[in-house]
Amino acid sequence: MLIGDSGTGESHLLIVIGTAIAVTGLSVRYTTTSALVNELAEADANRRLSSVIARYSKIDLLCLDEFGYLNLERKGAKLLFQIFTEREERKATAVATNSPFTEWDKTFGDARLCAAIADRITFRCTLIQTGTESYRYQATQESPFTAQS
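Reference entry: report on the structure contained in this document.

Cut-offs applied
- Residues numbered from 1 in each chain as written.
- Predicted model: local features only at pLDDT ≥ 70, side-chain atom pairs only at ≥ 80, totals over all residues.
- Heavy atoms only, no water.
- Helix = DSSP H or I, 4+ residues; strand = E, 2+ residues; numbered from the N terminus.
- Expected span 1.5 Å × (residues − 1).
- Buried < 20%, exposed > 50% of the residue type's maximum accessible area, 1.4 Å probe, protein only.
- Arc of directions from axis to C-beta.
- Contact = heavy atoms within 4.5 Å.
- Phe/Tyr/Trp six-rings, centres within 6.5 Å; stacked < 30°, edge-to-face > 60°.
- Pairing = 2+ DSSP bridges.
- Axes fitted to C-alpha atoms, helices over the stretch in contact; angles between N-to-C directions.

### Here's the deal with helix H2 (residues 33-45)
Part 1 of the reasoning: The terminal C-alpha atoms of H2, which comprises 13 residues, lie 18 Å apart, in line with the 18 Å expected from a rise of 1.5 Å per residue.
Part 2 of the reasoning: Burial in H2 covers these residues: Thr33, Leu36, Val37, Leu40 and Ala43. Buried residues of H2 fall within an arc of 125° about the axis and therefore sit on the same side. Facing away from the buried side of H2 by over 90 degrees, the exposed positions are Asn38, Glu42 and Ala45.
Part 3 of the reasoning: As for H2, its buried residues are in contact with strand E2 (28-32), helix H3 (49-58), strand E3 (61-67) and helix H4 (74-87).
Part 4 of the reasoning: Downstream of H2 by a residue or two, Arg47 has a phi angle that is positive, lying close to 60°.

### Describing unusual backbone geometry
Part 1 of the reasoning: Despite not being glycine, Arg47 shows a phi value in the positive range, around 60°.
Part 2 of the reasoning: Mapped onto the elements of the fold, Arg47 is located in the loop between H2 and H3.
Part 3 of the reasoning: Its identity as a non-glycine residue notwithstanding, Arg124 has a phi of 55°, on the positive side.
Part 4 of the reasoning: Taking the relative accessible area as the measure of exposure, Arg124 reaches 71% and is therefore exposed.

### Some words on the packing of aromatic side chains
Part 1 of the reasoning: The full count for this structure, using the stated rule, is 5 aromatic pairs.
Part 2 of the reasoning: With a centroid separation of 5.7 Å and 50° between ring planes, the pair formed by Phe67 and Phe108 is classed as tilted. Linking Phe67 in strand E3 with Phe108 in helix H5 (residues 104-108), this pair joins segments that are 41 residues apart in sequence.
Part 3 of the reasoning: Taking the relative accessible area as the measure of exposure, Phe67 reaches 1% and is therefore buried.
Part 4 of the reasoning: Arranged with centres 6.4 Å apart and planes meeting at 75°, the rings of Trp104 and Phe108 form a pair that is edge-to-face.

### Overview of the sheet that holds strand E1 (residues 2-4)
Strand pairing in a sheet relies on backbone hydrogen bonds. The paired strands run either parallel or antiparallel.
Part 1 of the reasoning: With parallel pairing, the 5 strands of this open sheet are ordered in space as E2-E3-E4-E1-E5. Unpaired on one side and paired on the other, E2 and strand E5 (128-131) mark the two borders of the sheet. Strand-to-strand twist across the sheet, computed as the mean angle between neighbouring axes with direction ignored, equals 15°.
Part 2 of the reasoning: Here H4 sits on the sheet and contacts E3 and strand E4 (92-97); the angle it forms with E3, its principal contact strand, is near 150°.

### Quick notes on helix H1 (residues 10-23)
Part 1 of the reasoning: Helix length check: H1, at 14 residues, gives a terminal C-alpha distance of 20 Å against a target of 20 Å (1.5 Å per residue), a fit within 8%.
Part 2 of the reasoning: Listed in full, the buried residues belonging to H1 are Glu10, Leu14 and Gly18. One side of H1 holds all its buried residues, which, seen down the axis, span an arc of 75°. When the buried face of H1 is taken as reference, the exposed residues oriented beyond 90 degrees from it are His12 and Val23.
Part 3 of the reasoning: Those residues of H1 hidden inside the fold are in contact with E1, E2, E3, E4 and E5.
Part 4 of the reasoning: Following H1 by one or two positions, Gly25 has its phi on the positive side, about 100°.

### Some remarks on the side chain of Ser99
Part 1 of the reasoning: Here Ser99 lies in the loop between E4 and H5.
Part 2 of the reasoning: In this structure Ser99 comes out as buried when scored by relative accessible area, which is 6%.

Dropping the structure here:
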């Protein structure tokens, strides 16, 4: 789990980790959390949810970016929970977020569901905190094109 404020490199590190794993020959899928939830909702509506979940259960490393950026409807949160449950202790999942754990209940809208998702994500988890200083903001401030007052 990569956690830090916006612009601190968590997405970049997620991509680097995924690329390094893919180079070894393992299967990797990178997606944003909202794109995954949308895919699951669409599959559910088209009666293909089981096959989509089965496909995600076979991927060696699932890289979920922008975790907690958008509040999920209850149905979306439950669909995401199914992915975590299916992958639990069988396949690796890497998550990048700028939302502290204390705000996840807003993302999932249900304290019990939030606790279950957090439990599955953090079990045997390596937590990497990327900090609070935005690299993009710092680069902008150091740019010769930025007006200094």
